[in-house]
Structures are given as structure tokens and as C-alpha cells.
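# Structural features, examined
Next come the chains, spelled out residue by residue.
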Amino acid sequence: MANEEDDPVVQEIDVYLAKSLAEKLYLFQVELEMAIDTLNPNYCRSKGEQIALNVDGACADETSTYSSKLMDKQTFCSSQTTSNTSRYAAALYRQGELHLTPLHGILQLRPSFSYLDKADAKHREREAANEAGDSSQDEAEEDVKQITVRFSRPESEQARQRRVQSYEFLQKKHAEEPWVHLHYHGLRDSRSEHERQYLLCQGSSGVENTELVKSPSEYLMMLMPPSQEEEKDKPVAPSNVLSMAQLRTLPLADQIKILMKNVKVMPFANLMSLLGPSVDSVAVLRGIQKVAMLVQGNWVVKSDILYPKDSSSPHSGVPAEVLCRGRDFVMWKFTQSRWVVRKEVAAVTKLCAEDVKDFLEHMAVVRINKGWEFILPCDGEFIKKHPDVVQRQHMLWTGIQAKLEKVYNLVKETMPKKPDGQSGPAGLVSGDQRVQVAKTKAQQNHAFLERELQRRKEQMRASTVLPGVQIKEEPLSEEGEEEDEQEAEDEEEPMDTSPSGGLNSRLANGLPAGRAAGGDSFNGHPLPGCAGTPVAQELRAFVEATFQRQFVLTLSELKRLFNLHLASLPPGHTLFSGISDRMLQDTVLAAGCKQILVPFPPQTAASPDEQKVFALWESGDMSDQHRQVLLEIFSKNYRVRRNMIQSRLTQECGEDLSKQEVDKVLKDCCVSYGGMWYLKGTVQS
């Protein structure tokens, strides 16, 4: 009331809506030519003559832009300023009354510089003519030559539509429009006075103008109706961009879902501040639990919200179900500790590094030499204020933990449970504590490992020992049990050192004699060669199918393909029981493949796994002999030229070897780089 008293009504004016010119009135700035006063002292005559000469040339005719050989006019072009003019009106104030007439169109006037384009075209024509004249003087008259006449193909409908919509066609069509001569009536002209009367409402008595006898809101709606065309003309915002005004028009559940999907991690207090003070916190708590999980007192969006059912990873193509399991594992790890190590997550989930990095970037920040730390501090205030919600979330995490144990085959030691039953932060385990735990575990397994190692050595002695092979033995100690265990897994295999020079002497083939005995076990795992175990059958099937598609693979590439295969398997599959690198290599050798000892250069940057190259030796097709000769070449050479390969293949396989057969074996096993050929996976750029 105080504001209304300070701002009194000074005058009330009656407003009338005139309709006589409603469909005819334009704010009209049409394309026109305006004369330039060439006699004005500010006009530069020499510049005007130069412009006219550049545009029209020396000869003046009917098509000349400036017939007086002087720039004496300026062209203005109109452009449409808005697609909807229904909310604009022309107003005329007379005798205390305001008369409004809606505008039917608004055009804006802008200068046109088309004469400069014409001048450029003239300049290019003159230069082309000068060059043609010079060349005709220097060159002798050429003989008559035969030319080929080609007829253009009929234009398709699609090509015609593209041509009609092109900028060049529109400019040409615009230039071909004829000029229309108009008669201008000045402000004081009698015709102007007559037409101006139509801007006044004809029935201004108030009885006939019944349309304005409405409420103020209805009147404003009539005067400025909502525009639909302008809404369509606005650029479409990105799908992840939504203004707060638009957000608050949605239901509460949708508001919470959109906010959590974009922010990923948010304290409850921040969520309430975004939703507004009028929103009930109980309703928000009920809605947030449908789209997010509680981690250290903060809410993290659920994985199935970010990865819907039918989606897949943009990096590896892994389906959404596998991504959700991997991200749930990361979220669960943060309920146990503020720190997570990326390599540990990748080793458990068997997902590629890019997918794991996406998971961590959603809810953590990387710390150098430490790992990934949860992005927000623990919200202890929320945990104390809502113990019922915390308890319910703990029950949900218990169910997720049981599912993760089953899917990833996790042991209980890696799944510590919190004594208070809350999702708060856990204390960090120091390095000394981890070493002590590892020593305790090693002491428990010491007796078993020692017996296993002695039994394996006895089997190796009882087997056929090849000449020139010595078995290295070192004493065991309590401090070195982990090294002994690793040595037991990676003990060197006996190699064929016979002086024969055949193919088999240059390739590391087959299993060692000590492992060929049936029914034995290797570090607690059945040997992959034992066909009776489901794990061996599944692993053998994967290896055979992989080498039928790719004939040459490094161990590094094979492990990557195997991890992708594991990620696509359903939960609880038999291959999740654990496959070591040694088991994978033994299965490859038992499946008809052989290891190629490629002589890598001394300065190579290839890792040990990248230097282990395996190739399919026999596939049962006609290319086996060609492939074996090629693999023998690469057992002596790191890189080879094509002519050497072709001559060796011709020498071993006969003169009738075709180019297609050589191309096929090269395509199956090799890659070309810098004019040289390498086995697949061995090239170092």
C-alpha cells in the first residue's frame, strides 16, 4: 500500500484497437535506391568515378549500374527482423485517446554492397583476358585436335532440391527479381492524410468496441498472444541443459532425477537448496532414495540411471548391465574407504581403463601417488539426523555386497564389514599393516607351498631331461615366500636345444614333459589340458575361436580380448573362478598354436607380454603351409621386405603360388609399416 501511495495515478487514457489497417499495415523498409548528392562538397568525385569505372568498365550500356559514370546512388536491401509481428502495433495518440493498430510485417533496411561483387567480377575477367592474350602471342598456332562431346545426365529430384536450396541459387533468384517503381507520398500529402485516418478506431464510442470489455489479463493476452513460431525458431538447447525455471515446472520426482543425473554426487542440504524452501524434505528423502545411493552421508546417482538398459559403453561397447555392476563395485568401495585404487578396480571388474576412469570421475578426484579420493567430505550431520535412512541404505548395500561377491568371486578378506553398520568413512590401512597381513598369510601357506614345490621338482627330475638343461634350485626363506610362490608359477620350461635346424627347433612348442602327465594340478588349479574340467573346456573354446579369427596374437592382446570376453559373460560363469597367465598360455599351446620367438631389437619398448607372440600353426586349410613358412621367416627376422617373403614362399611352396595367396597369408599374419612387414602386434612405431 505504501508503494501505491508513493506512485499515484497521474492520468487515465482510453485505449482503442483499430482494425481498418490490421491486415495491411507494414513497418516497411523495402529494397530501394537512394540518390546521392554528388554536388555536395563532402562528396569525393574522383572516388565516385573510380568505383563506377571498376563496376561498369569503360563502356556504358543499358546494363550499367551507374549510367552517369559516377557513383550517384546507393542501394538498400530489406530483411525480415522477426517471424511473428502479432505482438507489435502502431500507436496514434489523439485527444486523450490511444489508438493501436496491429502491424502485419516489419522489414529492416540495410545497405547493399553488391556493386563491389560486380567490380571484383569485372577485375577477374580483365585479368583472364590479359593472360589469354599474352599466351596467344607466345605460343604458336596449335594443330586441330579432336574433342569429345559429353551430354549431361538428367538431373534427379534429390539433386534438383539441393540445387534449389543452395545459397548460390537463392542469390541468383534474388538478383533476377525485377525492380518495382513506387510513388512516395510525403507527410503532408493529401493521400497520406486520408490513409492516416484509418489508424483511428472507427467505433470509439465504447459501445461497438466490445472486445476490450475484458479483464486486464485477458486484454494483455489478446494484445500479446504467446508466440509459437518464435519458440520453434529458438536454437535447441543441449539435452543436459535445463534452466531452473523450466526445472521447477516438472514434478518433484523428475526434478530430483534430473539434478542427480547431471551432478552425480550431492549432499542432501545442497539438493534442498536447489529445489527451493517450499519443498517438503520428507518427500525429497522419499524421492532421492529411488534414484541415488548413500555413500559417506552423500547421495550418489544410481548406475542404472546413467546407463539405461539398452545402452552400452562408448569406449568398449560393453553392455549397460556390465557397466552397472562395475560402477556399483566402485560405489561400494567408497562406502568402505575414502580411497580407491584404479588398478584394483580394473583387475576385479575386468573393464577397460576408460570405463573405470569414467566411474571414478563421477564421484572422486585423483591424488598423485595416493589414488582416487571421494569427491565430498563425509556428511556426518545427515547421518546423525536421519539414522533410519542410513540403516535402510546399509541394508541395500549389504544386498549389493552379496551380489558383488558372487559375480566377481571376491574373498571375504577383501570385503571388510563396518562394525557400526553405517556407510560412513573407514580409516585408511597403513603400509606396515598391509605388510604384516601379507606376512601372516604367507606363513600360513608356507608349508603347503613348500610341499607343492618339492613334488613338482621330483616330477621334473623323473621326466625325460633334455641335454643341456639345468634346473636352478634356491633355498626357501620365510621372508621370500611370495617370491618362491611366483617362481613356482613362472618356473622356466625346458627348451629344445638339439642341433637340428628344422622349424620345430626355432619355435617354442608344446607343453613341458612334466606337465604332460594327465590328472596333475598346477598351483591348485587343474591343468587346462584336462578336458574333463568345465573351466578348461570354456577356456579352450575361447582360445580356439579367437585364433580362428586372428591367426597371430601377442599375450598382451590375448589377455585384453579375454578380459572383454569375461566382461560379456553372465554373473557366476565358470570362467570367473580365476585364470592365470600361465594357464592361458598353456591352453594356447595345447590348442594347436605355437610361440614364435621373434628377435625384437635390443632397444625395443615392447613389454614382456607384448614380446610373447603366439600363432595358429595348423587350422586345417590350404594356407597352413604358407603360414608356417612365413612364421619361420619371422622367427629369424623382426621385420622383412615383401620380396624376400614372396621368394621364400615360392621356393618352399612351388612356382605356381599366386599373388592372391601371398596377399592372404600376409593379411592374416602381418602388418605393413614404412615399407616393411611385421608380425601383428610387434611393430613399434
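Residues numbered from 1 in each chain as written. Predicted model: local features only at pLDDT ≥ 70, side-chain atom pairs only at ≥ 80, totals over all residues. Heavy atoms only, no water.

## Things to note about unusual backbone geometry
- Positive phi, normally seen in glycine, also occurs at Gln95, with a value near 55 degrees.
- If you trace the backbone, Gln95 turns up in the loop between β5 (89-94) and β6 (97-102).
- Given the relative accessible area of 76%, Gln95 is considered exposed.
- Unusually for a residue other than glycine, Lys264 sits at a positive phi of about 75 degrees.
- Structurally, the position occupied by Lys264 is in the loop between α10 (252-263) and β8 (265-266). (Helix = DSSP H or I, 4+ residues; strand = E, 2+ residues; numbered from the N terminus. Buried < 20%, exposed > 50% of the residue type's maximum accessible area, 1.4 Å probe, protein only.)

## Looking at the nonpolar core
- Of all hydrophobic cores here, the largest spans 57 residues; its most connected members are Met260, Ile288, Trp299 and Phe334.
- If one sorts the elements of this core by residue count, helix α14 (residues 320-336) sits on top with nine residues.
- With 49 residues, the next largest nonpolar core counts Val543, Leu584, Phe634 and Val662 among its residues. (Core = buried A, V, L, I, M, F, W, Y, C linked by side-chain atoms within 4.5 Å.)

## Thoughts on the sheet that holds β6
- Spatially, the three strands line up as an open sheet ordered β1-β6-β5, and their pairing is mixed. Since the sheet does not close on itself, it has two edges, and those belong to β1 (14-17) and β5, each with one partner. Each neighbouring strand pair of the sheet contributes to a mean axis angle of 25 degrees, computed without reference to strand direction.
- Taken together, the six bridges between β5 and β6 define a ladder with antiparallel strand orientation. Among the inter-strand pairings, Leu92 is bridged to a residue of β6, identified as His99. (Pairing = 2+ DSSP bridges. Axes fitted to C-alpha atoms, helices over the stretch in contact; angles between N-to-C directions.)

## Some remarks on the packing of helix α23 (residues 555-567) against helix α24 (residues 581-590)
- Relative orientation of the contacting elements α23 and α24 amounts to 105 degrees, with a least axis distance of 11 Å. Between α23 and α24, the angle falls in the class roughly perpendicular. Residue-level inspection shows Leu555, Leu558 and Lys559 of α23 in contact with α24, the latter providing Asp581, Leu584, Gln585 and Val588.
- Looking at side-chain class alone, the contact of α23 with α24 contains four nonpolar, one polar and two charged residues. (Parallel < 35°, antiparallel > 145°, perpendicular 65-115°, else oblique. Contact = heavy atoms within 4.5 Å. Nonpolar A, V, L, I, M, F, W, Y, C, P; charged D, E, K, R; others polar.)

## Some words on the confidence of the model for the chain
- Per-residue confidence for the chain gives a mean pLDDT of 75; residues scoring 70 or more make up 73%.
- Under a pLDDT of 50 for its full length, residues 463-530 has, in the predicted model, 94 contacts with residues more than four places off or in other chains. (pLDDT = per-residue confidence, 0-100.)

## Re helix α26 (residues 624-634)
- Here α26 lies mainly inside the structure; ten of its eleven residues are buried.
- Buried residues of α26: Asp624, His626, Arg627, Gln628, Val629, Leu630, Leu631, Glu632, Ile633 and Phe634, and no others.

## A short note on the pairing of strand β13 (residues 371-374)
- Note that strand β11 (residues 339-340) and β13 share two bridges and pair antiparallel. Note on β13: the bridge partner recorded for Val340 is Trp372.
- Pairing geometry for strand β12 (residues 364-367) and β13, over four bridges, is antiparallel. Its bridge partner lying in β13, Val365 is registered against Glu373.
- Between β12 and β13, which pair antiparallel and follow one another directly, the connecting turn spans three residues, one of which, Asn369, has a positive phi of 65 degrees.

## Considering helix α28 (residues 659-669)
- Of the residues making up α28, those classed as buried are Val662, Val665, Leu666, Asp668 and Cys669. Within α28, the buried residues cover an arc of 165 degrees as seen down the axis, which keeps them to one side. Every exposed residue of α28 that faces more than 90 degrees away from the buried side is listed here: Lys659, Gln660 and Lys667.
- Those residues of α28 that are buried are in contact with β17 (552-554), α26, α27 (642-653), β20 (670-673) and β21 (676-679). (Arc of directions from axis to C-beta.)

## Side note on the pairing of strand β19 (residues 613-616)
- Burial of β19 is two-sided: the residues Val613 and Ala615 facing one way and the residues Phe614 and Leu616 facing the other way are all buried.
- Direction of pairing for β17 relative to β19: antiparallel, over a ladder of three bridges. Following the sheet pairing, Val552 is matched in β19 by Ala615.
- Of the strand pairs in this sheet, strand β18 (residues 593-596) and β19 are connected by four bridges, and their pairing is antiparallel. Across the sheet, the residue bridging to Cys593 is Leu616, located in β19.

## Concerning the packing of α10 against helix α11 (residues 268-275)
- Running from N to C, α10 and α11 cross one another at 125 degrees; their axes reach a closest spacing of 11 Å. By the criterion of interaxial angle, the relationship of α10 to α11 is oblique. Our pair here, α10 against α11, has a crossing hand that is right-handed. Note on element contacts: α11 touches α10 through Leu271, Leu274 and Leu275, opposite Leu252, Gln255, Ile256 and Leu259. (Left-handed = near helix turned anticlockwise from the far one by under 90°.)

## Remarks on the side chain of His626
- Within the secondary structure layout, His626 lies in helix α26.
- Among the residues examined, His626 registers a relative accessible area of 10% and is labelled buried.
- Excluding anything up to four places from it in sequence, His626 contacts Leu649, Cys653, Leu657, Glu661 and Val665.

## With respect to the pattern of salt bridges
- Following the criterion strictly, the structure yields 17 salt bridges and no others.
- For the salt bridge of Lys333 with Glu344, the shortest nitrogen-to-oxygen distance reads 3.0 Å. Taken together, the residues span a long stretch of sequence, with Lys333 in helix α14 and Glu344 in helix α15 (residues 342-349) at a distance of eleven residues.
- In this structure Glu344 comes out as partly exposed when scored by relative accessible area, which is 35%.
- Linking Arg540 and Glu544 is a salt bridge whose minimum nitrogen-to-oxygen distance equals 2.8 Å. Pair noted here: Arg540 and Glu544 are both in helix α22 (residues 534-549), with a separation of four residues, about one helical turn.
- Note on Glu544: relative accessible area 36%, which makes it partly exposed.
- Each of Arg338, Arg367 and Glu373 takes part in salt bridges that share partners, so that together they form one network. (Salt bridge = Lys/Arg side-chain N within 4 Å of Asp/Glu carboxyl O.)

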